[in-house]
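# Reading the structure
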Amino acid sequence: MTEQLVGDGTAASWTSTVAGHLRWIEELLDSLGLPAERSGELRARLGAVQARAADPQLRVAVFGEASSGKSTLLNAFLRRRLLPSSALVTTRTTTTLEYLGGAEGLKVRIPDDTVLEWPSVPFARWAGLRPGPDTMERALERVLTTELAEDVRALSVHAPVPLLGSGVTVLDTPGFSVTEPGHRELAEAAARQADLALVVVPAVAAMSLTLVDFLTGPLRDHHDRCAFVLTKIDLLDDEERAEAVEVVERRLRDLGYVDPLLLPCAPGKALGEVTGGCRERDGSGHLAAFLQVERRIARLAADSRQSAVAATVLGLLSRLLSAVEETAEARRATLGRDERELAALTLPDLTAFLDSWCVRTLDRSGAEMSAATIGMSATSRTKLYGKVDDAVAGEKINDLAAAAEEVSRLVRRHLRRHAERVVQKAEHRAGELLTAAAEELARDFTAQYSALAELVGEARTAPRAASVAWPRPPTPDMAGIDQALTAIGARLTSGDNWRTGGGAMAGALAGSLVAPGIGTFIGGALGALIGRRGADATREQFLRQARPVITAAHEEIAALAAACLPRVKEGLAASVVALRRQYDDEWRDEIARLTEAHDRRRAELAAGIAHAEKTATTARRRRDEVAALRRETVPEPEES
């Protein structure tokens, strides 16, 4: 197995690259036009990378589940039982252990960002320390295992002994429990910041599902920086110990750790020998084995310091560039959506917008008015047939002159009312159509105006334009209809048809219906035949001869009524033109102003889209460069 986790690169090989990428990102953030929240997030990440790149300290993070022996391992490094058992710790923050020239102390940052130092009166007051021996162990127990832990935002411990060599900062992470809120997130954050990750694996319960999940999750991209400390081996006999080492190594290889560095030891026994003074004279005890493991970790930290820090910084930078790339892509998508919305607006061309409405309104009104009158004609004809049938029902046909007069009167009255209704229906429908079209125009205009104003950076809503009232058009000239009705009445009640009586009279009427002017002649021919028939036969004959004339009369009147509709359509068209002119007069200057802003905005969006695309491409290229440089800091594994 190799002792070195990451290779030794020269400072110049990565510091200048990192500095160049950071400068590019810093200059870029102002030009992307990001929302404040996203910009702040990226700036915070940028600051973290800058701070890490400027920090020469090697960061060693210690990970482990509760009761894995993590706290005992750290206390063994400290040579004292300073940290309470991890099973008792309730804080949701990572503890930083640093060596500061032999001094010892604590710093705690609380929610209002106040930093309290131990030993001090403010700290004792906040921690509620009762009179008694004022030790760092006692202070840490209060901070980490009581309700005070809820208020701890950051905690650093100044250790009186160097841990793993000078210039090393040790990060004690909360156990990566999946049940404790915030613990896993803290462990993941520490994994990103760590130059070296010490993963504590208890020999008596190695490779739990929680540990495997953590190794394949937060530590998945940090295999090159992991070392595994196999603790509690004192609880196994020699045969079980060898088997545990073999099982853990094999399982780690299965998880993708090509050449795992496994360090078996018994920190608890070693700490007991240090604090109790019971160390074996021949150097074969647990303390000796632990000190050997500690020296290997310290040598590993010292040998790999530069490349380990480089790998961490490059990893953070890679994540930052990935975030910049994603942000640029999201920005491009947002700008593209705005550009498409602007392009979809038709209002900037006010003339085309209004012309389109006019054509649409007139086409719709012409079709709907024609359809309405066609339907009325069929219904009217059916009703007229029914009225004629009633006029000659029963014994009424016996008085043929009176029946013919009644038929003539009701036909004229019905046809006149039908003609008037057709025109009135057209007028009413034209008014409805104009009202609906005016509302549609106001609605579309307001919506597009508001969108246009918003997309060019103005929060304005157009006042709803007043709709044009539908003025009732002049009553169409129905003189032609009146003349036609008079002629129809004359045909139905010609005096020549009523001079004969009985069958001759019926025959004369039938003849006049078929061919006005020769009814008497036909009457003479038909008189004898009809005169011998009863009332039913007479009525049937009458209706058979009358209906074609009535149908022709109905069609004639319908055609004359339809000839009146152009006047209605002309009135509608005049109102449509008037409404169009009103919009044009009132809004042309305003729309022209917004259109200029619209054109500028579309040009800005096009430039922004191009800039975002270029940024994303550049960020992706830079990320690939950083990834390649990071790989160069990690040499191929060496055989032990």
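Residue positions are given per chain, counting from 1 as you read along its sequence in written order. With pLDDT at 70 or above as the cut-off, local features in this predicted model cover only qualifying residues; side-chain atom pairs require 80 or more to be listed or tallied, and sums for whole chains, interfaces and linings still use all residues. Side-chain measures here rest on the full set of heavy atoms in the structure, leaving out hydrogens and waters.

A tally of regular secondary structure across the protein gives 18 helices and nine strands. Per-residue burial for the protein yields a buried fraction of 45% across its 640 residues. Contacts in the protein between residues at least 24 apart in sequence constitute 80% of all its contacts with a sequence separation of at least 6. Only the protein chains shown count as cover for residues, with accessible areas throughout obtained via the Shrake-Rupley method and a probe of 1.4 Å. Accessible area for the protein stands at about 30100 Å²; split by element, carbon and sulfur atoms hold 52% of it. Note on conventions: DSSP H or I runs of at least 4 residues are helices, E runs of at least 2 residues are strands, and numbering of each starts at the N terminus. Only protein chains enter the accessibility calculation, which uses a 1.4 Å probe. A residue is then buried if its area is under 20% of the maximum for its type, exposed if over 50%, and partly exposed in between. Pairs of residues are marked as contacts when any of their non-hydrogen atoms sit within 4.5 Å.

Moving on: the pairing of strand β4 (residues 115–118). What you see with β4 is a clean split: L116 and W118 sit on the buried side and V115 and E117 on the side with no burial. Sheet topology note: the strand β3 (residues 105–109)/β4 ladder contains four bridges and is antiparallel. Bridging from a neighbouring strand, K107 pairs with E117 of β4. Paired strands are those between which DSSP finds at least two bridges. Counting the residues in the hairpin turn of β3 and β4 gives five residues, including D113, whose phi is positive at 70°.

Aromatic pairing here means that ring centres of Phe, Tyr or Trp (its six-membered ring) are within 6.5 Å. Orientation follows from the plane angle: under 30 degrees is stacked, over 60 is edge-to-face, and everything else is tilted. All told, the structure shown has nine aromatic pairs when counted by the stated rule. Centroid distance F77 to F290: 5.7 Å. Interplanar angle 35°. Geometry classified as tilted. Here F77 is found in helix α3 (residues 70–78), whereas its partner F290 is found in helix α10 (residues 286–303), with 213 residues between them in sequence. When sorted by exposure, F77 lands in the same class as F290, which is buried. On the basis of an interplanar angle of 55° and a centroid distance of 5.8 Å, the ring pair of F123 and W126 is categorised as tilted. Of this pair, F123 and W126 both sit in helix α4 (residues 121–127), separated by three residues, roughly a single helical turn.

So, on to helix α18 (residues 565–632). Expected span, for any helix, means 1.5 Å times one less than how many residues it has. In this model, α18 (68 residues) spans only 87 Å end to end at C-alpha, well below the 100 Å of a helix rising 1.5 Å per residue. What we call the bend at a residue is the angle made by axes fitted to the seven residues finishing there and the seven residues starting there. Where α18 bends most, at W587, the angle is about 55°.

Within the open sheet, the nine strands sit side by side as β4-β3-β5-β2-β6-β1-β7-β8-β9. Their pairing is mixed. Single-partner strands in this sheet number two, and they are β4 and β9 (262–264). Averaged over all pairs of adjacent strands, the angle between their axes in this sheet comes to 20°, without regard to strand direction. Of the strand pairs in this sheet, strand β8 (residues 226–231) and β9 are connected by three bridges, and their pairing is parallel. Within the sheet, the bridge partner assigned to F228 lies in β9 and is L262. Every angle, taken between N-to-C directions, lies between 0 and 180 degrees, and every axis is a line fitted to C-alpha atoms, over only the stretch in contact when it is a helix.

Quick look at the nonpolar core now. The nonpolar core is taken to be a set of buried Ala, Val, Leu, Ile, Met, Phe, Trp, Tyr and Cys residues, with the residues joined through side-chain atoms within 4.5 Å. Judged by nonpolar contacts, the single largest core of 72 residues is most densely connected at F123, W126 and L198. The leading source of residues in this core is helix α11 (residues 305–344), at nine residues. Every residue in contact with F123, bar those within four places of it in the chain, is listed here: L106, V108, L116, E117, W118, L129, A139 and V143. Counting residues in hydrophobic clusters, the runner-up holds 56 residues, among them L342, L354, M376 and L594.

This brings us to the environment of Q57. Here Q57 lies in the loop between α2 (36–54) and β1 (58–63). Taking the C-alpha atoms as reference, Q57 lies 9.7 Å from E98; in sequence the two are 41 residues apart. There is a polar contact of 2.8 Å between the side chain of Q57 and the side chain of T169. N or O atoms within 3.5 Å of each other form a polar contact, as long as, within protein, one can give a hydrogen and the other can take it, and as long as residues adjacent in sequence are counted only when both atoms are side-chain atoms.

Before going further, it helps to spend a moment on the packing of helix α13 (residues 400–455) against helix α17 (residues 535–562). Their axes nearest at 10 Å, the elements α13 and α17 cross at an angle of 25°. With respect to α17, the element α13 is oriented roughly parallel. Considering the relative orientation of α13 and α17, their crossing is right-handed. Residue-level inspection shows L400, V407, V411, L415, H418, A419, V422 and V423 of α13 in contact with α17, the latter providing F542, I550, A553, H554, I557, A558 and A561. Under this grouping Gly is polar, as are all residues other than the nonpolar Ala, Val, Leu, Ile, Met, Phe, Trp, Tyr, Cys and Pro and the charged Asp, Glu, Lys and Arg. Taken together, the residues of the contact of α13 with α17 break down into 13 nonpolar, two polar and no charged. For classification, angles of less than 35 degrees are called roughly parallel, those exceeding 145 degrees roughly antiparallel, those between 65 and 115 degrees roughly perpendicular, and all remaining angles oblique. We call a crossing left-handed when the near helix sits turned anticlockwise from the far one by less than a right angle, and right-handed when that turn is clockwise.

Before going further, it helps to examine the pattern of salt bridges. Whenever a carboxyl oxygen of Asp or Glu lies within 4 Å of a side-chain nitrogen of Lys or Arg, that contact is scored as a salt bridge. In the structure shown here, the tally under the stated rule is 26 salt bridges. Salt-bridge contacts for R588 lead to D584; the nearest nitrogen and oxygen are separated by 2.5 Å. Highlighted residues: R588 and D584, both in helix α18, separated by four residues, approximately one helical turn. Residue classification places R588 among the partly exposed residues on the basis of a relative accessible area of 34%. One connected set of salt bridges, linked through shared partners, spans E325, E329, R332, R620 and R623.

Next up on the list: the side chain of D584. What makes D584 buried here is its relative accessible area of 17%. Polar contacts involving the side chain of D584 include one to the side chain of R588, which spans 2.5 Å. Those residues in contact with D584 that lie beyond four places of it in its chain are L350 and L354.

Let's shift gears to the confidence of the model for the protein. Scored from 0 to 100, pLDDT reflects the predictor's confidence in each residue. Across the protein, the average pLDDT comes to 78, with 81% of residues at or above 70. With pLDDT under 50 throughout, residues 1–10 is counted as low confidence; its partners more than four residues away or in other chains account for 43 contacts.

Attention shifts here to the pairing of strand β5 (residues 154–159). Burial within β5 is extensive, with five of its six residues counted as buried. Alignment of strand β2 (residues 95–99) against β5, held across five bridges, turns out to be parallel. Note on β5: the bridge partner recorded for T95 is L155. Bridge count for β3 against β5 is five bridges, and the pairing is antiparallel. In the strand pairing of β5, L106 is matched with V157.

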